[in-house]
Amino acid sequence: MTSDWLQRVASSVPRGFSRYYILELLQAKPHTGKEIIDAAVEQSEGRWRPSPGLIYPLLGRLLDEGLIEESKDGKYQITKKGRATADDIEAVGKIVRNQLDVLMRVKNVGRFVAMDLIERMGMMASVLGQNSSKMTKEELQKYRKFLESELRKLDENEKEIKIE
């Protein structure tokens, strides 16, 4: 019984991941719900098998938020608003990857900080992703400027950090 629970927890993806996975997948080309599920299974080499009970309600929410649209042939495609959201997610991802790279180089202390950072960024991405459709244009612009500012700071700091 415990091993079943552990297996489910260990194989699950972080909260909010499915939402961003779908947006990223739809940037390449339109997919049906089944194709999205099949792509997830294939790309994860069977480690992640999202259920229709996860994917179809999520597609409904993404439709309601205007991040995707459904074509006449039943395939879902990303909208302009969805692309902007996916671009913001990618910007946050670059920040996290750069920070993790530096932190992982400073041995165990860096690993603890990196784990904390991953948790915080996951929570932030989830909250922002769920609320982006409710943000005003002004709030989205502020968010974008904040991310760009943080990226510039990171680029400047990266030049100053020397790890041997």
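Rules behind the numbers
Residues numbered from 1 in each chain as written. Predicted model: local features only at pLDDT ≥ 70, side-chain atom pairs only at ≥ 80, totals over all residues. Heavy atoms only, no water. Helix = DSSP H or I, 4+ residues; strand = E, 2+ residues; numbered from the N terminus. Contact = heavy atoms within 4.5 Å. Areas by Shrake-Rupley, 256 points an atom, 1.4 Å probe, with all protein chains shown as cover. Core = buried A, V, L, I, M, F, W, Y, C linked by side-chain atoms within 4.5 Å. Buried < 20%, exposed > 50% of the residue type's maximum accessible area, 1.4 Å probe, protein only. Salt bridge = Lys/Arg side-chain N within 4 Å of Asp/Glu carboxyl O.

An unreviewed UniProt entry lists the protein chain under the name Transcriptional regulator, PadR-like family, with Candidatus Nitrosotenuis uzonensis as the source organism.

(A) Broad picture of the overall build of the protein chain. If you tally the helices and strands in the protein chain, you get 7 helices and 2 strands. Considering only residue pairs separated by 6 or more positions, the protein chain has 53% of its internal contacts joining residues 24 or more positions apart. Summed over all atoms, the accessible surface of the protein chain reaches about 11,500 Å², with 55% contributed by carbon and sulfur.

(B) Spotlight on the nonpolar core. If you look at the biggest cluster of nonpolar residues, it comprises 19 residues, and the most contacted ones within it are Tyr-21, Ile-22, Leu-26, Ile-36, Leu-59, Leu-62 and Ile-68. At the level of elements, helix 2 (17-28), helix 3 (33-43), helix 4 (52-64) and strand 2 (76-78) are the ones that each hand at least two residues to this core. Among the elements that take part in this core, helix 2 stands out by supplying 5 residues, more than any other. Apart from residues no more than four positions distant in its own chain, Leu-26 is found in contact with His-31, Ile-36, Ile-68, Tyr-76, Gln-77 and Ile-78.

(C) Broad picture of the environment of Gly-82. Checked against the element boundaries, Gly-82 lands in helix 5 (residues 80-105). Residue class for Gly-82 comes out buried when judged on its relative accessible area of 0%.

(D) Unusual backbone geometry, seen in detail. Not every positive phi belongs to a glycine, and Glu-45 is a case in point at roughly 55 degrees. Looking at the secondary structure, you find Glu-45 in the loop between helix 3 and helix 4. According to the relative accessible area criterion, Glu-45 is exposed, its value standing at 64%.

(E) Main features of the pattern of salt bridges. Under the criterion given, the structure shown has 4 salt bridges. Here Asp-38 ties to Lys-34 by a salt bridge, and the two come within 2.9 Å at their closest N and O atoms. Here the residue Asp-38 and the residue Lys-34 both occupy positions in helix 3, the gap between them amounting to 4 residues, near one helical turn. Take Lys-34: its relative accessible area is 52%, and that puts it in the exposed class. Ionic pairing is found between Glu-35 and Lys-75, a salt bridge with its closest N-O pair at 3.6 Å. Pair noted here: Glu-35 is in helix 3 and Lys-75 is in the loop between strand 1 (68-70) and strand 2, with a separation of 40 residues, a long-range link.

(F) Examining helix 3 more closely. Of all the residues in helix 3, the buried ones are Gly-33, Ile-36, Ile-37, Ala-39, Ala-40 and Val-41. Close packing links the buried residues of helix 3 with helix 2, helix 4 and strand 2. A positive backbone phi angle near 55 degrees is found at Glu-45, which sits one or two residues after helix 3.

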